[in-house]
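# Observations on the three-dimensional arrangement
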Amino acid sequence: EEDQQFRTIFQEIGGEDMEITANELRNVLNRVITKHKDLKTEGFSLESCRSMIALMDVSFMDGTGRLNLQEFRHLWNKIKQWQGIFKHYNTDQSGINSYEMRNAVNDAGFRLNNQLYDIITMRYANESMNIDFDSFISCLVRLEAMFRAFQAFDKDGDGTIRLSVLEWLQLTMYA
Ligand SMILES: O=C(O)[C@@H](S)Cc1ccc(I)cc1
Ligand SMILES: [Ca+2]
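Structure report, in brief.

What counts as what
Residues numbered from 1 in each chain as written. Chains lettered and ligands numbered in written order. Predicted model: local features only at pLDDT ≥ 70, side-chain atom pairs only at ≥ 80, totals over all residues. Heavy atoms only, no water. Phe/Tyr/Trp six-rings, centres within 6.5 Å; stacked < 30°, edge-to-face > 60°. Helix = DSSP H or I, 4+ residues; strand = E, 2+ residues; numbered from the N terminus. Buried < 20%, exposed > 50% of the residue type's maximum accessible area, 1.4 Å probe, protein only. Near = heavy atom within 4 Å. Polar contact = N/O pair within 3.5 Å; in protein donor to acceptor, adjacent residues only side chain to side chain. Nonpolar A, V, L, I, M, F, W, Y, C, P; charged D, E, K, R; others polar. Salt bridge = Lys/Arg side-chain N within 4 Å of Asp/Glu carboxyl O.

It is worth spelling out the packing of aromatic side chains at this point. Any two aromatic rings considered together are summarised by their centre-to-centre distance and by the angle between their planes. Summed over all chains, the structure comprises 7 aromatic pairs. For the pair F6 and F72, a centre-to-centre distance of 6.0 Å together with 85° between the ring planes defines the contact as edge-to-face. Taken as a pair, F6 in helix α1 (residues 2-14) and F72 in helix α4 (residues 69-89) lie far apart in primary sequence, 66 residues in all. Residue F6 shares its accessibility class with F72, and that shared class is buried. Judged by centre distance (5.3 Å) and plane angle (70°), the rings of F86 and F133 are edge-to-face. Linking F86 in helix α4 with F133 in helix α7 (residues 133-153), this pair joins segments that are 47 residues apart in sequence. Of the two residues examined, F86 and F133, each falls in the buried class. In this structure an aromatic cluster arises from ring pairing among F6, F10, F72 and W76.

In structure tokens form, the structure reads like this:
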């Protein structure tokens with residue numbers, strides 16, 4: 001039942017080619033956020049949607065540059081989960097600050113170190129050191145995809161991976 005609902009949404013957004021492009025993803029995300037006044041954002045940019053699609057490609061080893069149903073379902077479920085976390089910390093509608101971001105990232109199930117929390121704030125916060133909803137989502141999509149990519153490379157699970165420079169560039173230039 002829920003799956004059929006998903007397929008319908010997906011069909012409506014992606015069109016008959018059953019794939020969602022960055023533009024189509026941007027349109028649906030920006031349509032949904034207009035219905036949520038408690039999600040502080042200026043909207044999702046095309047670039048952030050391109051990045052999220054590339055990260056889903058990396059997660060699902062599917063270098064199409066578009067979202068298939070499986071990738072879209074995963075991304076959409078994550079956004080639904082993470083938007084709830086964002087609302088929980090975005091109490092004053094100013095976005096979330098670096099302290100709240102640390103708790104939000106933990107609530108999303110990630111365990112990082114202090115240096116990484118600082119890096120995330122530097123990378124995703126605006127001039128007043130607050131993180132808007134679209135940046136919040138872009139950050140967590142990247143975080144999750146990078147964890148999954150590492151695990152895919154770390155076949156023996158020993159916590160280390162070996163990459164040639166070209167393998168490194170294939171990952172970092174695309175993701
Ligand atoms: O589906 C919805 O509208 C709510 S429940 C969750 C949600 C909120 C924001 C986005 I963008 C996507 C999904
Ligand atoms: Ca894809």
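The next thing to look at is the site of ligand 1. Around ligand 1 sit L29, V32, I33, H36, L39, W76, I79, K80, Q83 and F133, and that is every residue in its neighbourhood. Here H36 contributes a side-chain N or O atom positioned 3.3 Å from an oxygen atom of ligand 1. Elements supplying a minimum of two residues to the shell around ligand 1: α2 (22-33) and α4. Its residues assigned to classes, the shell around ligand 1 shows 7 nonpolar, 2 polar and 1 charged.

With that settled, the discussion passes to the environment of I9. With respect to the secondary-structure elements, I9 resides in helix α1. Remark: the alpha-carbon pair of I9 and L69, spanning 60 residues in sequence, is separated by 9.9 Å.

The subject of this paragraph is the pattern of salt bridges. This structure, assessed with the given rule, holds 9 salt bridges. Its salt-bridge partner being D3, residue R73 comes within 2.5 Å of it at the nearest N-O pair. With R73 in helix α4 and D3 in helix α1, the pair connects residues that are 70 residues apart, well separated along the chain. On the basis of relative accessibility, which here comes to 30%, the residue D3 falls in the partly exposed class. Residue E12 pairs with R31 through a salt bridge whose shortest N-O separation is 3.8 Å. Placement of the pair is E12 in helix α1 and R31 in helix α2, with a sequence separation of 19 residues. Each member of the salt-bridge network shares a partner with another, and the members are D3, R7 and R73.

The analysis is restricted to geometry; functional conclusions fall outside its scope.
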